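# Commentary on secondary and tertiary structure
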Amino acid sequence: MQEKTEQAPKKAKHLLRDIVSRHYQNAWDAKEKGEKVGWCASNFPQEICETLGVPVVYPENQAAAISAKGAGLKMCEHSESNGYSNDICAYARISLAYMDLKECKEMDMPQPDFVLCCNNICNQMIKWYENIARELDIPMIFIDIPYNTEFETSDDRVKYIRAQFDDAIVQLEEITGKTFSEERFKEVMEISQRSSKAWLGATEYTKYTPSPLNGFDLFNHMAVAVCARGKIETAIAFELLEKEYEQAVKDGTSTYRGEQDYRVLFEGIACWPYLRHKLTTLMKYNINVVGTVYADAFGVIYSNVEEMMKAYSYVPNAVSFERALNMRVKVVNKNNCDGAVIHTNRSCKMWSGFMYELERKLREETDIPTVTFDGDQADPRNFSEAQYDTRIQGLYEVMEANRKGDKL
């Protein structure tokens, strides 16, 4: 009689992949049962929907996946043929195209019965989601988290955000027929904190030399931090990811395939259509990404409800220039970066608008060389492989000269 062989435990990356698959499947199942399903902005307080048990999916995640699989151009062009300018965010154009087409073989998700919008990412989100709500004749719930000119979020802003948070709960109860439970809310907050701490703990392993991970891994894993922070399986998967990186440091192994001669900060949202090309070019010069504020933005840390309001106001695009600079300087210093690669993103005007001045100040305060390249998070027409390659070569040559003492 043949003995049964035990299956090896799944690695964290496989658990995380399964969580994303279940996330979409659960939304489809809910839709088939006649439940209300929403489209949700990536930094809308996920604790609300998780507590109510309301299924939501994330257009930004979908747009990133569609563009990474090569369909970003056709979706952007469809929206443009409907009258949307190619100067607006490519995520929005892809999402508006999907709203119209109702399907995309690269990444399908249920159509929405309501939309949840939060402008701590950018104000264009408001018009994007307003258009969806108007076109589909569905309700939109909006939480306004205004740009903060101060380094810290003041108490009056906390009260302003909290009032909207509470109102959003009431609106969602009316739309879905579900009841908000304070007991469940506390449980979700605890799980969310466990997930966020484990996620940020995992991202911090880039501080080791060599780093136990290819920095671009974070761009792939962070989809779970967006859509499922309040689920216990997410906390477990991120804690396993932390343990795997800890063991890799002990073993001297890494998911980065090659020598790690240089360490850089990658600034900005990933260019999903060209992720492989960007990684391949960096690896050509033995450069690894060991710092980014993009991935860390989805580790929302707090200990009570008021701190939660502050945490959602500290998303990279909602903070003052001084706080934004401080975030980057900390990453560079903590992770011993030799240089920085800065994406000037045509889609994300809010992120890229002050980047020229931030780049200058970053060089001043950290004394590292920086390069910029033009690109886009989802529209492949706005990226030049030749320009990117030339900039990375130039950065490598400056870092090489600096290391030899011939500072340029």
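Residues numbered from 1 in each chain as written. Predicted model: local features only at pLDDT ≥ 70, side-chain atom pairs only at ≥ 80, totals over all residues. Heavy atoms only, no water.

Turning to its location among the elements, M399 is positioned in helix α17 (residues 385–404). When the C-alpha positions of M399 and I368 are compared, they lie 8.3 Å apart, and in sequence the two are 31 residues distant. Those residues in contact with M399, other than ones at most four positions away along the chain, are Y262, V264, I287, D338, G339 and P369. (Helix = DSSP H or I, 4+ residues; strand = E, 2+ residues; numbered from the N terminus. Contact = heavy atoms within 4.5 Å.)

Before going further, it helps to examine the packing of aromatic side chains. Geometry of an aromatic ring pair is reported as the spacing of the ring centres plus the angle between the planes. Scanning the model with the defined rule gives 20 aromatic pairs in all. Aromatic side chains W39 and Y98 sit 6.2 Å apart centroid to centroid with 35° between the ring planes, which places their arrangement in the tilted category. Remark: Y98 occurs in helix α5 (residues 90–101) and W39 occurs in strand β1 (residues 38–40); sequence separation between them is 59 residues. With relative accessibility at 0%, the residue W39 sits in the buried group. The structure contains a cluster of three or more aromatic residues connected by ring pairs, namely F216, F219, F266, W272, Y274, Y294, F373, F383 and Y388. (Phe/Tyr/Trp six-rings, centres within 6.5 Å; stacked < 30°, edge-to-face > 60°. Buried < 20%, exposed > 50% of the residue type's maximum accessible area, 1.4 Å probe, protein only.)

On to helix α7 (residues 155–176), then. Across its 22 residues, α7 extends 32 Å between first and last C-alpha, which sits within 8% of the 32 Å expected from 1.5 Å per residue. Buried within α7 we find V158, I161, Q164, F165, A168, I169, L172 and T176. End-on view of α7: buried residues confined to an arc of 150°, all on one side of the axis. Exposed residues on α7 whose side chains face more than 90 degrees from its buried face are D155, D156, K159 and E174. Contacts from the buried residues of α7 go to α2 (46–52), β3 (114–118), β4 (140–143), α8 (182–203) and α13 (305–312). (Expected span 1.5 Å × (residues − 1). Arc of directions from axis to C-beta.)

Before going further, it helps to examine the packing of α8 against helix α10 (residues 232–251). One can describe the packing of α8 onto α10 by two numbers: an axis separation of 8 Å at closest approach and a directional angle of 25°. In terms of axis orientation, α8 runs roughly parallel to α10. As α8 runs across α10, the sense of the crossing is left-handed. Residue-level inspection shows I191, R194, S195, A198, W199, G201 and A202 of α8 in contact with α10, the latter providing I232, T234, A235, I236, F238, E239, L241, E242 and Y245. (Axes fitted to C-alpha atoms, helices over the stretch in contact; angles between N-to-C directions. Parallel < 35°, antiparallel > 145°, perpendicular 65-115°, else oblique. Left-handed = near helix turned anticlockwise from the far one by under 90°.)

Another aspect to go through is the sheet that holds β1. Taken together, four strands build an open sheet; the order of strands is β2-β1-β3-β4 and the sheet is parallel. On the outer flanks of this sheet lie β2 (56–57) and β4, each paired with one strand and no other. Pairing analysis gives three bridges linking β1 to β3, with the strands arranged parallel. Across the sheet, residue G38 finds its bridge partner in β3, namely F114. Taken strand by strand, helix α6 (residues 124–136) contacts β1, β3 and β4, and its axis lies near 170° from that of β3. Against the sheet, α7 touches β3 and β4, its axis set at about 165° to β4. (Pairing = 2+ DSSP bridges.)

Here the focus is the state of the cysteines. Tallied over the entire structure, the rule returns zero disulfides. Unpaired in terms of disulfides, C89 finds its nearest cysteine sulfur in C122, a separation of 6.4 Å. With relative accessibility at 7%, the residue C89 sits in the buried group. For the unlinked cysteine C271, the closest cysteine sulfur is that of C348, found at 12 Å. Since its relative accessible area comes to 0%, C271 is described here as buried. (Disulfide = S-S within 2.5 Å.)

Once that is clear, we can look at the nonpolar core. Membership of the largest hydrophobic core comes to 136 residues, with the highest contact counts inside it found for F44, Y91 and W272. Examining the composition of this core, we find that eight residues originate from one element, α5, more than from any other. When neighbours within four sequence positions are excluded, F44 is seen to be in contact with L116, C117, C118, I141, I143, A168 and Y312. (Core = buried A, V, L, I, M, F, W, Y, C linked by side-chain atoms within 4.5 Å.)

Taken in spatial order, the four strands of this open sheet run β6-β5-β7-β8, and their pairing is parallel. Each end of this open sheet is capped by a strand with a single partner; those strands are β6 (287–291) and β8 (370–375). Within the sheet, the average angular offset between the axes of one strand and its neighbour, ignoring direction, is 35°. Taken together, the six bridges between strand β7 (residues 339–345) and β8 define a ladder with parallel strand orientation.

What follows concerns α10. Its 20 residues give α10 an end-to-end C-alpha distance of 29 Å, which sits within 8% of 28 Å, the value for a rise of 1.5 Å per residue. Listed in full, the buried residues belonging to α10 are T234, A235, A237, F238, L241, Y245 and A248. Looking at the buried positions of α10, the neighbouring elements they touch are α1 (12–32), α8 and α9 (217–227). The positive-phi residue at the C-terminal boundary of α10 is G252, with phi of around 70°.

Here we take up unusual backbone geometry. Here the amide bond leading from T209 into P210 is cis, since omega sits at -5°, within 30 degrees of zero. Looking at the element boundaries, P210 is found in the loop between α8 and α9. Non-glycine residue N336 carries a positive phi angle of around 50°. For N336, the position within the fold is in the loop between α14 (321–334) and β7. Residue N336 is classed as partly exposed on the basis of its relative accessible area of 46%.

Relative to the assigned elements, S67 resides in helix α3 (residues 59–68). We classify S67 as buried; its relative accessible area is 1%. At a separation of 2.9 Å, a polar atom in the side chain of S67 contacts the main-chain carbonyl oxygen of A64. In this view, S67 contacts G72, I94, W272, P273, Q377 and A378; residues no more than four positions away in its chain are not counted. (Polar contact = N/O pair within 3.5 Å; in protein donor to acceptor, adjacent residues only side chain to side chain.)

Honestly, that's just the spatial picture; any functional story needs more than this.
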